[in-house]
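Coordinates in review
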Amino acid sequence: MVAALAGVSRATVSRVVNDSPKVKPDVAKAVNEAITTLNYVPNRAARSLASRRTQSVALVVPESTSKVFADPFFASVVQGIAMYLADTDYTLNMIISSESKPEKTRRYLLGGNVDGALVVSHHSSDHSWSRLSESLPIVFAGRPLTGGDSYYVDVDNEAGAEGATERLIAGGRRNIATIAGPQDMPPGIDRLTGWRRALRRAGQGDSLVEIGDFTPASGGAAMRRLLERGVPIDGLFAANDQMAAGAYSVLNEHGLRIPHDVAVVGFDDDYFGATVAPALTTVHHPVVEMGSKMAELLVGLIAGKPTERVTRLPTSLVIRNSA
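Residues numbered from 1 in each chain as written. Predicted model: local features only at pLDDT ≥ 70, side-chain atom pairs only at ≥ 80, totals over all residues. Heavy atoms only, no water.

Here we look at unusual backbone geometry
The residue after I258, namely P259, is reached through a cis peptide bond having omega 5°. Structurally, P259 can be placed in the loop between α12 (241-253) and β9 (263-268). Residue A277 is joined to P278 through a cis peptide bond whose omega torsion reads -5°. Topologically, P278 is positioned in the loop between α13 (271-275) and β10 (281-284). (Helix = DSSP H or I, 4+ residues; strand = E, 2+ residues; numbered from the N terminus.)

Focus: the sheet that holds strand β7 (residues 209-211)
The mixed open sheet is built from 6 strands, whose spatial order is β7-β6-β8-β9-β10-β12. Bordering the open sheet on either side are β7 and β12 (316-318), each of which pairs with just one other strand. Each strand of the sheet is rotated relative to its neighbour by a mean of 20°, with strand direction disregarded. Along the sheet, helix α10 (residues 186-201) contacts β6 (176-180), β7, β8 (235-238) and β9; its crossing angle with β6, the most-contacted strand, is approximately 170°. Those strands touched by α12 are β6, β8, β9 and β10, and its axis lies near 155° from that of β9. (Pairing = 2+ DSSP bridges. Axes fitted to C-alpha atoms, helices over the stretch in contact; angles between N-to-C directions. Contact = heavy atoms within 4.5 Å.)

Overview of the sheet that holds strand β5 (residues 151-155)
Taken together, 6 strands build an open sheet; the order of strands is β2-β1-β3-β4-β5-β11 and the sheet is parallel. Among the strands making up the open sheet, the edge pair consists of β2 (91-96) and β11 (310-313). Taking each pair of neighbouring strands and ignoring which way they run, the sheet shows an average axis angle of 20°. The sheet contact formed by β5 and β11 spans 4 bridges and is parallel. Paired with Y152 across the two strands is V310, which belongs to β11. Relative to β2, helix α7 (residues 103-110) is tilted by about 165°, and along the sheet it contacts β1 (56-61), β2 and β3 (116-119). Each of β1, β3, β4 (138-141), β5 and β11 is contacted by helix α14 (residues 287-302), which is oriented at about 165° to β4, the strand it contacts most.

The following block contains the structure:
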């Protein structure tokens, strides 16, 4: 009907619908006017049968729902992914999944419902996702601990943490603690390594370590444990801004002034760091750019394009008032 109204072939209509550059502007204009007049919408199901593509990708987040919607990291990743996919034919499906019951997610991903998947916030116990890459294009946010030939986008977490700690050392701090992230996740492991590397190079001890889970509550609990040791602390590197915010409240409870008594540096540069007082010196993590790059790589993989397996984005130190 569109072809008849526009006075062209059905093949020409198909080319216009698929944004082919081979159609003359006046012909494309006539086809688009016919499409508008007839309220024509391409049938995605029919096109999927013909192309064997669903034009959908999944974002898999192996975390609890409460954590996903409380953590600004996930919102920024989704923003970056959506920004890139907006200029493609792909739609995004989000799956909040648990490794304790991964069968449902695996069935969905391998059941022809999506053309590829993006996996965010994976843990060392999340073996399912790496195995899926043998059957489905997958791009990870961060270095997978499971090894193999995975495609992933990451920042240099070690260098970022090292630079944050060097900021504290340069400020004259000599008893520098850290609240590290989970040691079953690459950012938690790598940021702890960067903190240690900076301290050892400066000839300082690296025993003031407590572990959190990247939430404010865990940051506060870890700060309490550090203070309970009875060892003087004049500097703190928190592996993310949320844990730094939790540490702030405990330091304030103990009458310790930031940065006069304890200088603090975080990691991520999210709204937690910008809204605490004093404003938090932190490592900028380009999360929106990470999401966009992940989507770009996945679309390229689906299309069969040559793709680099590892993409690293730079970090930078944002100087505010806490250190």
